[in-house]
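The primary structure of each chain is shown beneath.
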Amino acid sequence: MAQKKKIMLTGDRPTGRLHIGHYVGSLRQRLELQDDPSYEKVFVMIADAQALTDNFDDPDKVRESVFQVALDYLSVGIDPKKTHILIQSEVPQLHELTVYYMNLVTVSRVQRNPTVKAELKMRGFEGESVPVGFFTYPISQASDITAFKATIVPVGEDQEPMLEQCREIVRTFNRTYDCDVLVEPEIYLPENEACLRLPGTDGQAKMSKSLGNTIYLSDDEETLRKKVMSMFTDPGHLRVEDPGKIEGNTVFTYLDAFVQPDSFEKFLPEYRDLDELKDHYRRGGLGDVKVKKFLFAVLNEFLSPIREKRAYYEAHPEEVIAALRDGTEEARRAAAATLADVKRAMKIDYFESWADEYGVK
Ligand code: TRP
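Let's shift gears to the overall build of the chain. In terms of regular secondary structure, the chain is built from 17 helices and five strands. Taking 361 residues into account, the globule formula puts the C-alpha radius of gyration at 21 Å, and the chain, at 23 Å, falls close to it. Dimensions along the principal axes, computed over C-alpha positions, put the chain at roughly 90 × 45 × 40 Å. Each of the 361 residues in the chain was classed as buried or not, and the buried ones make up 52%. Restricting to contacts in the chain with at least 6 residues of sequence separation, those with at least 24 account for 76%. When the accessible surface of the chain is split by element, carbon and sulfur atoms take 52% of a total near 18,000 Å². The averaged location of the 61 negative side-chain charges in the chain is 1 Å from the averaged location of its 47 positive side-chain charges.

Among soluble globular proteins, nonpolar side chains are generally buried collectively. Counting 60 residues, the largest nonpolar core has Ile20, Leu217, Phe258 and Leu277 as the members making the most contacts within it. At 10 residues, the largest contribution of residues to this core is made by helix H15 (residues 288–315). Counting residues domain by domain, this core receives three or more from each of domain 1 (6–197 + 317–358) and domain 2 (221–313). In this structure, Leu217 is in contact with Leu18, His19, Ile20, Tyr23, Leu27, Asp72, Val76, Phe302, Leu303 and Ile306, ignoring residues within four places of it in sequence. Counting 45 residues, the second-largest nonpolar core is a separate cluster that includes Ile139, Val153, Phe173 and Ala331.

Our next topic: the pattern of salt bridges. Under the definition given, this model contains 31 salt bridges. Across the salt bridge formed by Lys266 and Asp262, the nearest N and O atoms sit 3.2 Å from each other. By relative accessible area, Lys266 is classed as partly exposed at 44%. Judged by relative accessible area, Asp262 falls into the partly exposed class, the value being 31%. Among the salt bridges present, the one from Arg310 reaches Glu314, with a minimum N-O distance of 3.5 Å. Here the residue Arg310 and the residue Glu314 both occupy positions in helix H15, the gap between them amounting to four residues, near one helical turn. Look at Glu314 and you get partly exposed, because its relative accessible area is 46%. Each of Glu160, Glu164, Arg167, Arg171 and Glu184 takes part in salt bridges that share partners, so that together they form one network.

This part takes up the environment of Arg333. Here Arg333 lies in helix H16 (residues 317–345). Separated by 71 residues in sequence, Arg333 and Asp262 have C-alpha atoms that sit 44 Å apart.

Right, let's get into a nonpolar patch on the surface. There is a patch of nonpolar side chains on the surface, built from Tyr350, Phe351, Trp354, Tyr358 and Val360 and spanning about 630 Å² of accessible area. With respect to the helices and strands, Tyr358 occurs in the segment after helix H17 (350–357).

When its volume is computed, the largest pocket comes out at roughly 1,500 Å³. Along the walls of the largest pocket sit 48 residues, with Arg13, His22, Asp158, Lys206 and Met207 positioned nearest its centre. Where the lining of the largest pocket is concerned, the elements lending two or more residues are strand E1 (7–12), helix H1 (20–34), helix H6 (114–122), helix H8 (137–146), strand E4 (152–154) and helix H10 (193–196). The dominant element in the lining of the largest pocket, judged by the number of residues it contributes, is H1, at five residues.

The next subject is the environment of Ala334. For Ala334, the location among the structural elements is in helix H16. What makes Ala334 buried here is its relative accessible area of 15%. Here Ala334 is in contact with Phe43, Ala147 and Phe148, once residues within four sequence places are set aside.

The phi torsion at Lys149 lies on the positive side, around 55°, for a residue other than glycine. Along the chain, Lys149 falls in the loop between H8 and E4. Classification of Lys149 by relative accessible area gives partly exposed; the value is 23%.

Attention now moves to the site of the ligand. Inspection of the region around the ligand gives Leu9, Thr10, Gly11, Arg13, Ala47, Gln50, Gln141, Asp144, Ile145, Val153, Val155 and Gln159 as its neighbouring residues. Between the ligand and Asp144 there is a distance of 2.8 Å, counted from a nitrogen atom to a side-chain nitrogen or oxygen. Starting from 370 Å² of accessible surface for the ligand in isolation, the protein chains cover 90%. Most atoms of the ligand, that is more than half of them, are within 2 Å of grid points of the largest pocket. Residue classes in the shell around the ligand are distributed as five nonpolar, five polar and two charged.

The next point concerns the domain arrangement of the chain. What the domain assignment reports for the chain is domain 1 (6–197 + 317–358) and domain 2 (221–313). One C-alpha centre belongs to domain 1, the other to domain 2; they are set 35 Å apart. Contact between domain 1 and domain 2 buries roughly 1,300 Å² in total, counting both sides, with carbon and sulfur atoms accounting for 61%. Inspection of the domain 1/domain 2 interface yields one salt bridge. Between Asp72 and Arg310 there is a salt bridge; the shortest N-O distance is 2.5 Å. Elements with a contribution of two residues or more to the side of domain 1 that touches domain 2: H1, helix H3 (59–76), H10 and H16. Among the elements that take part in the side of domain 1 that touches domain 2, H3 stands out by supplying six residues, more than any other. For the side of domain 1 that touches domain 2, the per-class residue count stands at 10 nonpolar, four polar and four charged.

Calculation criteria
- Residues numbered from 1 in each chain as written.
- Predicted model: local features only at pLDDT ≥ 70, side-chain atom pairs only at ≥ 80, totals over all residues.
- Heavy atoms only, no water.
- Helix = DSSP H or I, 4+ residues; strand = E, 2+ residues; numbered from the N terminus.
- Rg over C-alpha atoms; globule rule 2.2 N^0.38 Å.
- Buried < 20%, exposed > 50% of the residue type's maximum accessible area, 1.4 Å probe, protein only.
- Contact = heavy atoms within 4.5 Å.
- Areas by Shrake-Rupley, 256 points an atom, 1.4 Å probe, with all protein chains shown as cover.
- Lys, Arg positive; Asp, Glu negative; His and termini not counted.
- Charge placed at Lys NZ, Arg CZ, Asp CG, Glu CD.
- Core = buried A, V, L, I, M, F, W, Y, C linked by side-chain atoms within 4.5 Å.
- Domains from an automatic or database assignment.
- Salt bridge = Lys/Arg side-chain N within 4 Å of Asp/Glu carboxyl O.
- Patch = residues over 30% accessible without salt bridge, like charges linked within 9 Å, V, L, I, M, F, W, Y side chains within 5 Å.
- 1 Å grid on protein atoms, 1.4 Å probe; cavity = no way out; pocket = protein on both sides within 12 Å on 5 of 7 lines; lining within 4 Å.
- Points joined across faces, edges and corners; volume = space filled by probe spheres on them.
- Near = heavy atom within 4 Å.
- Polar contact = N/O pair within 3.5 Å; in protein donor to acceptor, adjacent residues only side chain to side chain.
- Sits in = over half its atoms within 2 Å of the grid points.
- Nonpolar A, V, L, I, M, F, W, Y, C, P; charged D, E, K, R; others polar.
- Buried area = accessible area lost by both parts, 1.4 Å probe.

As structure tokens, this is what we get:
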């Protein structure tokens, strides 16, 4: 077997701007890997076709979000010289692969996918009234991953069932067609517990636009201040003197995810580190406002350079478009090579093989 090359692929559904949960959950890992010399190729996909599976009636939202997500990527430091940024619908080979993979997956297997189950419920798709396109998106996601022969997929924890389904498709394909064309990918999760699933500012399990509990990478300073100052803390911590809880306290969860080694020195020098701050909060005598002001300073420092880069790219849309066009072209080349392997394995590579087979010169 050929030596397994390290290739990263991941993606986002363009249904809105990206938020700080996306950053700690996956963008940060991508930035790391794009600078890791052991990776031969790094791809990041704007999964607009997948976004359309449950937003097909709102094409403006998806279209607008494709550009916004591209701006988010470039502003956090995804560098188009190192990372190929591609638009999913512009790589037709992905959709071709999906057609062939659909033969390898049963309806009941998709129904058992926990992510699909949860999403069906959330979107109110009852019984059999689910659109076929939405139902089959795990198969299309397997195409996204395998088309690039990705070995590593940095995504949030909620995507683990998608990766498992993808690995199954890889194994079934390679077994059925007696080949080793497709590569089994591995998930790459953040190590920091707080980053695995950053809660919403209201303490709800997940940030989501519809709940209005998100902090966007593109939020300005005033918006950020308002959001942080109204964050959920410990509802039992009524007076400053009261002892407070850290567990489930969103302000501390965010600090766990974002505090830097020099944050205390810069913004709250009377404490040495986060442990000391937490201890004081637990004992009582530390007010929420003080902790929130600190979190605001930490987040604002994190977002400032991102906002600057965003302003630059907003003023240079031609660079954004060029990055997407180049990344998509490279993606088409890579996906076309895999598709050719797939067709050969499935014996449907007619015009590549007939001439030999029938002795045509
Ligand atoms: N399903 C992913 C999400 O909702 C987005 C996505 C689409 C993706 N295609 C992908 C992620 C391929 C990783 C690999 O976040």
